[in-house]
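Results of the structural survey
Residue-level listing of the chains:
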Amino acid sequence: MNVSIESSWKAVLQTEFEQPYFAELTNVIKADKAAGHVIYPPGALIFNAFAQTPWHNLRVVLLGQDPYPRAGHAHGLSFSVPRNIRVVAPHSLINVFKELQTDVGIAQPAHGCLESWAAQGVLLLNAALTLRADDKEAHKKIGWQRFTDAVIKKISDEKQGIVFLLWGNYAKAKKSLINTQKHYVLEAPHPSPLAGNAFLGCRHFSKTNEFLQQQNLPPIDWTIK
C-alpha cells in the first residue's frame, strides 16, 4: 500500500502512523493485493482527501462512510467521483446536487468531481479509506475506523471553528469526537434515496457559509468546476 501522505498531515498524524494497528492495517491491504483482490481506490489515491486539502487549508469536514464499490468511481474523496464519470450514479451524489441547486442555486454539473470543494478547505473524508471489491465489509474492521476517528479528534482538538457535515446515522455517531463548543456541527439524513430523500431541504451549503462568514472567513464557492 502506498502510505505517502501530504506533508502537513504527515506531521500532524505521525503518531498514528507509528502505532502497531496502522502497521497491521497496511499489512492486511498488502496481503489482499498480493492475493489478487481488487482494492478501491487505487493505492496512490487512498490518502487523496489529505492531498487535496492540506491541514492549514481546512475549514469544513464532510464525512462519508467508505469508498464507492463500483470500478472507476472511488478516488479517495467522500461522495466524489472522477471527472470522467457521468452524474447518473451514484444516487447519493445526485441528491447532493439536487440540494445544492435548491439551497444555493447551483445547477447540476456535468461531472461529479468535488476537487474544487477540497481545494477550498473541504476535507472529503471517508471513515474507511479502502474497500475490497469482492467483499464490501472486509476492510471495515481492519483499523481505518481508529485512524479516521483520530483524524476527527485531532481536528477537533487543534483547530477552531471548523464546520462538520454529518450526513446519515453513521456520520452522526462521530459527533461524540467533536468539541461542539469550538466547532459547528450540522446533521442531516444520508443523501441516499434509501433514506427516503429526507436529506433534501437540509440547507447545509448555505448554513456552512453563514457560519464561516460569521467568523469573518470567506464562504465556500460550491460550484462544481
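Summarised in this report is the structure supplied together with it. (Residues numbered from 1 in each chain as written. Predicted model: local features only at pLDDT ≥ 70, side-chain atom pairs only at ≥ 80, totals over all residues. Heavy atoms only, no water.)

Once that is clear, we can look at the packing of aromatic side chains. All chains considered together, the criterion is met by 20 aromatic pairs. Ring geometry for Phe-22 and Trp-144: centres 6.2 Å apart, planes at 80°, overall edge-to-face. On the criterion of sequence distance, the pair formed by Phe-22 in helix H2 (residues 20-34) and Trp-144 in helix H6 (residues 144-158) is long-range, its members being 122 residues apart. Like Phe-22, the residue Trp-144 is buried in the burial classification. Members of the aromatic cluster, joined through ring pairs, are Trp-9, Phe-17, Tyr-21, Phe-22, Phe-47, Phe-50, Trp-55, Trp-144 and Phe-147. The side chain of Lys-159 reaches across the aromatic face of Trp-55, ending 4.6 Å from its centre. (Phe/Tyr/Trp six-rings, centres within 6.5 Å; stacked < 30°, edge-to-face > 60°. Helix = DSSP H or I, 4+ residues; strand = E, 2+ residues; numbered from the N terminus. Buried < 20%, exposed > 50% of the residue type's maximum accessible area, 1.4 Å probe, protein only. Lys NZ or Arg CZ within 6 Å of the ring centre and 35° of its normal.)

Burial analysis of strand S3 (residues 122-126) places five of its five residues in the buried class, the great majority of the element. In S3, alternate side chains face the same way, and those of Val-122, Leu-124 and Asn-126 on one face and Leu-123 and Leu-125 on the other are all buried. Taken together, the five bridges between strand S2 (residues 60-64) and S3 define a ladder with parallel strand orientation. Across the sheet, Val-60 pairs through a bridge with Val-122, a residue of S3. (Pairing = 2+ DSSP bridges.)

In terms of nonpolar packing, the biggest core is built from 64 residues, with Trp-9, Phe-47, Phe-50, Trp-117, Trp-144, Phe-147 and Ile-155 touching the most fellow members. Non-local contacts of Phe-50, meaning those with residues more than four positions away in its chain, are made with Ile-5, Glu-6, Trp-9, Leu-13, Leu-123, Leu-125, Leu-129, Phe-147 and Val-151. (Core = buried A, V, L, I, M, F, W, Y, C linked by side-chain atoms within 4.5 Å. Contact = heavy atoms within 4.5 Å.)

It is at 9 Å that the axes of H2 and H6 come closest, and there the two elements cross at 130°. Classed by the angle they form, the pair H2 and H6 counts as oblique. Our pair here, H2 against H6, has a crossing hand that is left-handed. Residues Tyr-21, Phe-22, Leu-25 and Ile-29 of H2 form the contact with H6, whose participating residues are Trp-144, Arg-146 and Phe-147. Tallied by class, residues from the contact of H2 with H6 come to six nonpolar, no polar and one charged. (Axes fitted to C-alpha atoms, helices over the stretch in contact; angles between N-to-C directions. Parallel < 35°, antiparallel > 145°, perpendicular 65-115°, else oblique. Left-handed = near helix turned anticlockwise from the far one by under 90°. Nonpolar A, V, L, I, M, F, W, Y, C, P; charged D, E, K, R; others polar.)

If you walk across this open sheet you meet the four strands as S3-S2-S5-S6, and the pairing is parallel. Across the chains shown, the open sheet's two edge strands, defined by having one partner strand only, are S3 and strand S6 (184-188). This sheet shows a mean twist of 20° between the axes of neighbouring strands, independent of strand direction. By the bridge criterion, five bridges tie strand S5 (residues 163-167) to S6 in an arrangement that is parallel. Looking at the pairing, Trp-167 lines up with Ala-188 of S6.

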